[in-house]
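Structural features, examined
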Amino acid sequence: MKSEIIEFRKLLEGATNIAIVAHERPDGDAIGSLIALSLSLQKAGKQVTPILADGVPTRFQFLPGADEIKRTFPIECNLLIVLDCSDVVRTGFKVEDLPRGVDINVDHHPTNTHYGIVNVVDAYASATAEILFDLAEPLGLEIDSRVAMNLLTGLVTDTIGFRTTNVTPKVLQIVAQLIELGAPLAEIYERALNRRSVTVARYWGCGLSRLEQEDGLVWTSLTLEDRQHVGYSGKDDADLINLLSTIDGAEVTVIFVEQPEGAVKVSWRSRAGLNIAPLAEAFGGGGHHQAAGAMIVGDLEEVTKRVISATRGILESESETSR
Ligand code: 5GP
Ligand code: MN
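Calculation notes
Residues numbered from 1 in each chain as written. Chains lettered and ligands numbered in written order. Predicted model: local features only at pLDDT ≥ 70, side-chain atom pairs only at ≥ 80, totals over all residues. Heavy atoms only, no water. Near = heavy atom within 4 Å. Polar contact = N/O pair within 3.5 Å; in protein donor to acceptor, adjacent residues only side chain to side chain. Areas by Shrake-Rupley, 256 points an atom, 1.4 Å probe, with all protein chains shown as cover. Helix = DSSP H or I, 4+ residues; strand = E, 2+ residues; numbered from the N terminus. Salt bridge = Lys/Arg side-chain N within 4 Å of Asp/Glu carboxyl O. Buried < 20%, exposed > 50% of the residue type's maximum accessible area, 1.4 Å probe, protein only. Pairing = 2+ DSSP bridges. Axes fitted to C-alpha atoms, helices over the stretch in contact; angles between N-to-C directions. Contact = heavy atoms within 4.5 Å. Disulfide = S-S within 2.5 Å. Patch = residues over 30% accessible without salt bridge, like charges linked within 9 Å, V, L, I, M, F, W, Y side chains within 5 Å.

**Details of the site of ligand 1**
Neighbouring ligand 1 are 15 residues; His 109, Lys 265, Ser 267, Arg 269 and His 288 lie closest to it. Arg 90 places a side-chain nitrogen or oxygen 3.1 Å from an oxygen atom of ligand 1. Here an oxygen atom of ligand 1 sits 3.1 Å away from a polar atom, N or O, in the side chain of His 288. Surface burial for ligand 1 is 84%, taken as the share of its 490 Å² of free accessible area covered by protein chains. Contributions of two or more residues to the shell around ligand 1 are made by strand E9 (263–270), strand E10 (286–287) and strand E11 (291–297).

Here's what the structure looks like:
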């Protein structure tokens, strides 16, 4: 057994009140992993509080256990676990607002800074949910049907429906086991990935109407005014980036989402073999080789110019090296 898992087990044994937190603006892997670990630790007799700084988006409220998620830390906490976060700031909480130092860090981002006492970080894992599935047996945690449904949601969403290059035969074997344990794949796929509201379709329309393309680069923006105009309450791109990245010839796709208070959320997607994580890191963000993001201070036009210019640079240097 790997030493981190032995340490993980020891820390769990000594803990009674556990707080678990995943990243801000949570996606299906953050939420699914958070609920799955919380439910299985509760079943093992622990007092567990699952926390998300931004709460649970409507899309994921169907998940069993989603209603237990809080937005603040409990008073009592003798173990802090952070999931799916490359650094502590990603939790959406300031370091000084955390109830204690991070005890356990479980993540699959290559940009992870190993900020925990115990760090279970595997950049080859397709999702944090995959790591948690592997940890269940050595940690002695049960995967019941509710846990299975949450883990499968993490896998389905982070692989965009098993379309990313990190989907291995092992991932699909885990999927098969989760289905056997009671996770409804078709329902998860439909609710967590496919289904859109009319509002989201209209919001996409705003971004699609301004679509730009220049060689292998495809980008667009979503403004505060767009959100007000269509009545979209989120601060994100409603997954428009994943639609843009299906455009033929798009080597790199970028989306700019204007935020209140003078910032822009930028998301990048790149084709297999083109690593854009360092670029996101250079702008203060992080992520995976093919999917990365950053929150950048500045107005929409100025941030767009800077980011497109830097992204063009990456594409140009890549085409030179492959020549
Ligand atoms: P998205 O662009 O869809 O929000 O995120 C794509 C990937 O980049 C995710 O794996 C996410 O964890 C990472 N990411 C997005 N925004 C940030 C950010 O502001 N900071 C860091 N460290 N990672 C980010
Ligand atoms: Mn993830």
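Read on, since the account is not over.
**What to know about the pattern of salt bridges**
On inspection of all chains with the given rule, the structure shows 16 salt bridges. A salt bridge links Lys 170 to Glu 130; its shortest N-O distance comes to 2.8 Å. In this pair, Lys 170 sits in helix H5 (residues 169–180) while Glu 130 sits in helix H3 (residues 128–139), placing the two residues 40 residues apart along the sequence. Of the residues examined, Glu 130 reaches a relative accessible area of 5% and is grouped as buried. Two residues, Lys 170 and Asp 134, come together in a salt bridge whose shortest N-O distance is 2.6 Å. With Lys 170 in helix H5 and Asp 134 in helix H3, this residue pair connects regions lying 36 residues apart in the sequence. Residue Lys 170 is classed as partly exposed on the basis of its relative accessible area, which comes to 34%.

**Examining the sheet that holds strand E5 (residues 118–121)**
Strands sit in the order E2-E1-E3-E4-E5 across an open sheet of five strands; the sheet is parallel. Both outer strands of the open sheet, strand E2 (47–51) and E5, are each paired with one neighbouring strand and no more. The sheet shows a mean angle of 15° between the axes of neighbouring strands, direction not considered. Where strand E1 (residues 17–21) meets strand E3 (residues 79–83), four bridges bridge the pair, whose relative direction is parallel. Of the residues in E3, the one forming a bridge with Val 21 is Val 82. Seen against the sheet, H3 touches E3, strand E4 (104–107) and E5 and runs at an angle of roughly 120° to E4.

**What to know about the state of the cysteines**
Note: disulfide means a covalent bond formed between the sulfur atoms of two cysteine side chains. By the definition in use, this model includes zero disulfides. There is no disulfide at Cys 85, and the cysteine sulfur nearest it, in Cys 77, is 15 Å away.

**What about a nonpolar patch on the surface?**
A cluster of nonpolar side chains, contributed by Leu 208, Leu 211 and Leu 243, occupies part of the molecular surface with about 210 Å² of accessible area. Relative to the elements of secondary structure, Leu 211 occurs in the loop between helix H7 (198–208) and strand E6 (212–214).

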